[in-house]
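# Close look at the chain arrangement
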Amino acid sequence: MRRALRWLMALCVVVATSTAAHAADLRPLVQALGSGGYSGTEKALEQLSETGDTAAVPVIEALQAGDLHVRKSDNAVVIARKSGDAFALSDPLSGQALGQATAADVTRIRINNSLRRAISASLGALTLMSPDAGVRRSAADAVFKSRDANALPTLQKAIDKEQDKAVRAAMEQARAAILLTGEAASKMTDADIQSAVDTLAARGDRDALVLLNMVAGSGASDVTKKSAAAAISTVEQKLAFWAALQNLWYGLSLGSVLLLAAIGLAVTFGVMGVINMAHGEMVMIGAYTTFLVQEFFRAHAPGLFDLSILVALPAAFIVSGGVGIIIERSVIRWLYGRPLETLLATWGLSLALQQAVRSIFGPTNREVGAPSWMSGAFELGGLTITYGRLWIVIFAFAVFAALLVALKRTWFGLSIRAVTQNRPMANAMGIRTARVDALTFGLGSGIAGLAGVALSQIDNVSPNLGQGYIIDSFMVVVFGGVGNLWGTLVGALTLGSINKFLEPYAGAVLGKILVLIFIILFIQRRPRGLFALKGRAVEA
Amino acid sequence: MLLRFFLMGLDRKAGIVLTILAILAVAVPVMTLWVPADSPFHLSVFTVSLLGKYLCFALLALALDLVWGYCGILSLGHAAFFALGGYAMGMYLMRQIGPRGVYGNPVLPDFMVFLNWKELPWYWLGFDQFWFAAIMVLVVPGALAFAFGWFAFRSRVTGVYLSIITQALTFALLLAFFRNDMGFGGNNGLTDFKDILGYDIQADTTRVALFVATVAALALSYMIASGVIASKLGKVLVALRDAESRVRFMGYDTESYKLFAWTLSACMAGVAGALYVPQVGIINPSEFAPASSIEAVIWVAVGGRGTLAGGILGAVLVNMGKSYFTGALPELWLFALGGLFVAVTLFLPKGLLGLWGQLTAKLPRRNKPSALPNAHPADQKGA
């Protein structure tokens, strides 16, 4: 897929840079593709790739895709792509549109297996000369994978010409791969072999490992085998290190999702002691708010779509928080001090909310798009990090920090803590406890809404979205210790990491089961969680 | 001795419940099998299976009420014991299929043949015998409950924490039973049963017999539960529900009392599951879903917590409502159920039987102290 994209980019570059002069040189060769059957096509293809002219790339790609046709009226070679019932014609070199034709007007230039091989070899070789470094890089990678000995002369030329360090390294790796596995290996000196093996070891990924294993297992000389074996162990160590790091990243990523889902619960359950089984539905409402905001942007300001998430954040906070306040005022305030009854009532609310969303938006998943700055990925050493996950990790920690500041440093936070610790006394000091209750519950629900915005980016936005997180969230809060935000942080990251480190050995489902069993056993050891409150608060 | 134990629990309420059950046990077979089909008093076999299903749920609710109403343990995982009992029965019924399965393997159930298994896993051995399966229906849920409770109660995990880890337990089992490698049919569960104890499971007489067996199991469980409640042990249970620390300080080994009631309750739930499976014809992992456990809690809450009879009443009423709504107004069922949860907790903290108790208590003659629980403030705080 990425290769195709790069080539598409190359195509744009090619269209922009190819001059009329080039086109004039190539045109007879392109024309020759259409005559002489398989052998004629193959001969013309060979000559095309010998020119080393990247303008030929789109033509050859069209040939590969079966889009290259001969127009019967004037025997011109054209690209014909199906559009509806007819074919849309275009010039293979300039890309200029040449009108429509029916299937009867054109003959496809057919290709066989030997041609297919020649096509990929010549594409690989041609793109090695591309002016675009990215295209050269992916071409080098393609050669590395195919290890086609025919590409060696072109590769050598390309290496001599190459200025870009990273691309040259990729090309040298490709050459090393061809040399070590091809017939040339038996004629090489030990020093050459050693340097080729070193080049591969420097690459240090799974592909290199496969190649090195092939070298070590082949009928090569003892020296080759020895150096390959040494290289294999270095590469394996390196891979293990990066795999551990990748797991840690996945764990952090999962942990931050858990943190986001659980942190609102840490407020309603941890601080207020309300078991809010409708917490997951607050998350779901946040996700649906994101969907609505995005629909609005799609309809009215498609150009500003990248900003929709930023608008969705406060919107989701307000909507979910508002629903939370309504729930608190209408149901929960009658049930303070009866945690198990609250549990049942909020469970009932969660069922009703799910059904309400299902009735309004339908039972199917809703499409929530990612803004451009959240899509894509980058490589960090041996790690692949997607921007979406990175932003969620950052966002989770930002929400956590903001909540911590709100609880510890603001008047509102002070009131919350006062009411939690001693309700009658807080009341006597002039704090409107009922209002603080409502706002605290609204805060917890609003944070759940924020989580919904983030989760809408990585999960399906459906009425059941919240259900998937509610049990995990409770596990995190209980594991971390009720009434302690730091406990929630540590709990989320620990459970996320344990889960991801277990997954490679036990599989996703068994890993999750093991985590649940671990929590059940852990609660036996520390019935009040990792960071238990001490003193009087325990009995309250 | 045993007779005295059973008679001890027999009060007026128990008399009413047992009378109704006895009438059901006699009237339903007569109305199904001997009343002609065109008579208005005829019951279809479908209705009998439906009633049987309700009574299985009622037995589950009874089991739950025993621990929630009388020990203050709100289990959000009782459906796990129900489903384990159901799987034990399902395994027996699977083995009874024998060579009549799609693949015709005389020993292996179809799904194992499908997974290319060569021989029966060790934990399936013995399930071709009814007596073994019947013991397992009690032993498997009981053993799990015993182990779980032994750990949890000794560590003094109480209240909300206990509720949440029971939920974790059933969720873990849900995930486990979804796995094909577990050898319990994975996603599809166990189904396509042929016969039970040699009788065709689809036959009218078998269905009626299963119904009568369910009524008998419910009546027996009710007598056991009310016997336990009326005994000295029951008094300790109620005491530790209301003020566990005080009971412990008085020298009682509260963990053992709780563990006994908890394990007994799990066995009852297992029996309920075992009777449920042949009547509905399937058992699959969705029975383990935390939602079904919580639904069972609402049955008890609707009927009246801590009344035993209330659980039965609530289970039957709520499930009749469910059958009606999911058939006639499927969109509204979750609204109705959700509203029921909220309304019961807000307006009917003692359930329907509590409401009845309040109404009758106002009559001058019945002005005795209410036997219903929830009277103690510590219960509301701690439970």
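Rules behind the numbers
- Residues numbered from 1 in each chain as written.
- Chains lettered and ligands numbered in written order.
- Predicted model: local features only at pLDDT ≥ 70, side-chain atom pairs only at ≥ 80, totals over all residues.
- Heavy atoms only, no water.
- Helix = DSSP H or I, 4+ residues; strand = E, 2+ residues; numbered from the N terminus.
- Buried < 20%, exposed > 50% of the residue type's maximum accessible area, 1.4 Å probe, protein only.
- Contact = heavy atoms within 4.5 Å.
- Areas by Shrake-Rupley, 256 points an atom, 1.4 Å probe, with all protein chains shown as cover.
- Lys, Arg positive; Asp, Glu negative; His and termini not counted.
- Charge placed at Lys NZ, Arg CZ, Asp CG, Glu CD.
- Pairing = 2+ DSSP bridges.
- Buried area = accessible area lost by both parts, 1.4 Å probe.
- Salt bridge = Lys/Arg side-chain N within 4 Å of Asp/Glu carboxyl O.
- Polar contact = N/O pair within 3.5 Å; in protein donor to acceptor, adjacent residues only side chain to side chain.
- Nonpolar A, V, L, I, M, F, W, Y, C, P; charged D, E, K, R; others polar.
- Expected span 1.5 Å × (residues − 1).
- pLDDT = per-residue confidence, 0-100.
- UniProt positions renumbered as here; feature names shortened; annotations may be inferred.
- Core = buried A, V, L, I, M, F, W, Y, C linked by side-chain atoms within 4.5 Å.
- 1 Å grid on protein atoms, 1.4 Å probe; cavity = no way out; pocket = protein on both sides within 12 Å on 5 of 7 lines; lining within 4 Å.
- Points joined across faces, edges and corners; volume = space filled by probe spheres on them.
- Phe/Tyr/Trp six-rings, centres within 6.5 Å; stacked < 30°, edge-to-face > 60°.
- Lys NZ or Arg CZ within 6 Å of the ring centre and 35° of its normal.
- Axes fitted to C-alpha atoms, helices over the stretch in contact; angles between N-to-C directions.
- Left-handed = near helix turned anticlockwise from the far one by under 90°.
- Patch = residues over 30% accessible without salt bridge, like charges linked within 9 Å, V, L, I, M, F, W, Y side chains within 5 Å.

### A closer look at the overall build of chain B
- The helix and strand tally for chain B stands at 16 helices and four strands.
- Considering only C-alpha atoms, chain B reaches an extent of 65 × 55 × 50 Å along its principal axes.
- Out of the 383 residues belonging to chain B, those deemed buried represent 54%.
- Put simply, of all contacts in chain B between residues at least 6 apart along the chain, 77% involve residues at least 24 apart.
- Looking at chain B as shown, the accessible area adds up to about 16700 Å², and 68% of this sits on carbon and sulfur atoms.
- Computed over 26 positive and 19 negative side-chain charges, the inter-centroid distance for chain B is 14 Å.

### Considering the pairing of strand β3 (residues 86–90) of chain A
All names here are of chain A.
- With four of five residues buried, β3 is to be regarded as a mostly interior element.
- Two elements, strand β2 (residues 77–83) and β3, share five bridges in a ladder whose sense is antiparallel. Paired with Ser83 across the strands is Ala86, a residue of β3.
- Taken together, β2 and the strand that follows it, β3, pair antiparallel across an intervening segment of two residues, in which Gly84 is found at a positive phi of about 70°.
- Here β3 folds back onto strand β4 (residues 97–101), and the loop between the two strands holds six residues, one of which, Gly95, carries a positive phi near 80°.

### Overview of the interface of chain B and chain A
- Listed per partner, the contact involves 40 residues of chain B and 39 residues of chain A.
- Summed over both partners, the interface of chain B with chain A buries about 3800 Å², with 78% contributed by carbon and sulfur atoms.
- Viewed at the interface, chain A and chain B are joined by zero salt bridges.
- Where chain B packs against chain A, one counts four residue pairs in polar contact (both at pLDDT 80 or more).
- Taken together, the elements giving at least two residues each to the side of chain B that touches chain A come down to α6 (130–154), α7 (159–178), α12 (290–303), α14 (330–347) and α16 (377–382) of chain B.
- The leading source of residues in the side of chain B that touches chain A is α7 of chain B, at twelve residues.
- For the side of chain B that touches chain A, a count of residues per class yields 30 nonpolar, six polar and four charged.

### Describing α12 of chain B
Residues and elements named next belong to chain B.
- The terminal C-alpha atoms of α12, which comprises 14 residues, lie 21 Å apart, in line with the 20 Å expected from a rise of 1.5 Å per residue.
- Taken across its 14 residues, α12 has twelve buried, putting it largely inside the fold.
- When we look at burial in α12, the residues that qualify are Pro290, Ser293, Ile294, Glu295, Ala296, Val297, Ile298, Trp299, Val300, Ala301, Val302 and Gly303.
- A positive phi of about 130° marks Gly304, the residue just after α12.

### Some points on the confidence of the model for chain A
- For chain A, the mean per-residue pLDDT works out to 82, and 92% of the residues sit at or above 70.
- Taking the mean pLDDT of every element in chain A, the minimum, 53, falls on helix α1 (residues 2–17) of chain A and the maximum, 94, on helix α13 (residues 308–330) of chain A.

### Description of the UniProt feature "transmembrane region" (unreviewed entry) in chain A
Residue and element names in this part refer to chain A.
- Taken from the UniProt record, the annotation "transmembrane region" (unreviewed entry) applies to residues 248–275, 307–327, 339–357, 390–407, 438–458, 470–493 and 505–523.
- Structurally, residues 390–407 comprises 100% helix and 0% strand, and the distance from its first C-alpha atom to its last is 26 Å.
- The span residues 505–523 carries 95% helix and 0% strand; its end-to-end C-alpha distance comes to 25 Å.

### A few points about the nonpolar core
- One finds Phe269 of chain A together with Trp124, Leu190, Tyr222, Trp262, Phe288 and Trp299 of chain B to be the most contacted residues of the largest nonpolar core, which totals 213 residues.
- Among the elements that line this core, the one with the most residues is helix α3 (residues 45–71) of chain B, at 17 residues.
- Core analysis: the next-biggest nonpolar cluster, separate from the first, contains 32 residues, Phe144, Ile178, Val197 and Leu211 of chain A among them.

### Things to note about the confidence of the model for chain B
All names here are of chain B.
- Of the residues in chain B, 94% reach a pLDDT of 70 or more, and the chain-wide mean stands at 88.
- Per-residue pLDDT, averaged within each element of chain B, yields its smallest value for α16 (40) and its largest for helix α11 (residues 254–280) (95).
- For residues 366–383, every residue scores under 50 in pLDDT, and the model assigns this stretch 32 contacts once sequence neighbours within four places are set aside.

### Thoughts on empty space enclosed by the protein
- Applying the stated rule across the entire model yields two cavities of 30 Å³ or more.
- What the largest cavity holds in volume is close to 80 Å³.
- Residues belonging to the lining of the largest cavity are distributed by class as follows: six nonpolar, two polar and two charged.

### Things to note about the packing of aromatic side chains
- With the rule as written, the count across this model stands at 34 aromatic pairs over all chains.
- Their ring planes at 55° and their centres at 5.1 Å tell us that Phe82 of chain B and Tyr276 of chain B sit as a pair that is tilted. One end of the pair, Phe82 of chain B, is in helix α4 (residues 78–97); the other, Tyr276 of chain B, is in helix α11, and 194 residues separate them in sequence. There is no split in this pair, since Phe82 of chain B and Tyr276 of chain B are both buried.
- Each member of the aromatic cluster is reached from another via a ring pair, and the members are Tyr87, Phe111, Trp122, Tyr123, Trp124, Phe177, Phe184 and Phe288 of chain B.
- Across the ring face of Tyr336 of chain A, the terminal group of Arg423 of chain A is positioned such that the distance to the ring centre comes to 5.5 Å.
- The ring of Trp150 of chain B carries the charged tip of Arg154 of chain B above its face, separated from the ring centre by 4.6 Å.

### Quick look at the packing of helix α19 (residues 467–480) of chain A against helix α21 (residues 508–525) of chain A
Residue and element names in this part refer to chain A.
- Where α19 contacts α21, the axes come no closer than 11 Å and their chain directions differ by 35°. In this structure, the crossing between α19 and α21 has a hand that is left-handed. The residues of α21 that touch α19, namely those facing Asp472, Met475, Val478 and Phe479, are Lys512, Leu516, Phe518, Ile519, Phe522 and Ile523.
- Classifying every residue of the contact of α19 with α21 by side-chain character gives eight nonpolar, no polar and two charged.

### Some remarks on a nonpolar patch on the surface
- Side chains of Leu304, Leu307, Leu310, Trp373, Tyr387, Trp391 and Ile394 of chain A sit close together on the surface and give an oily, nonpolar patch of about 620 Å² of accessible area.
- Assignment of secondary structure puts Leu310 of chain A in helix α13.

### Some remarks on α11 of chain B
- For α11 of chain B, built from 27 residues, the straight-helix expectation of 39 Å at 1.5 Å per residue is met to within 8% by its first-to-last C-alpha distance of 39 Å.
- Burial within α11 of chain B is extensive, with 22 of its 27 residues counted as buried.

### Some words on the pairing of β4 of chain A
- Inspection of the sheet shows β3 of chain A paired to β4 of chain A by three bridges, in the antiparallel sense. Each bridged residue has a counterpart across the sheet, and for Phe87 of chain A the counterpart in β4 of chain A is Ala101 of chain A.

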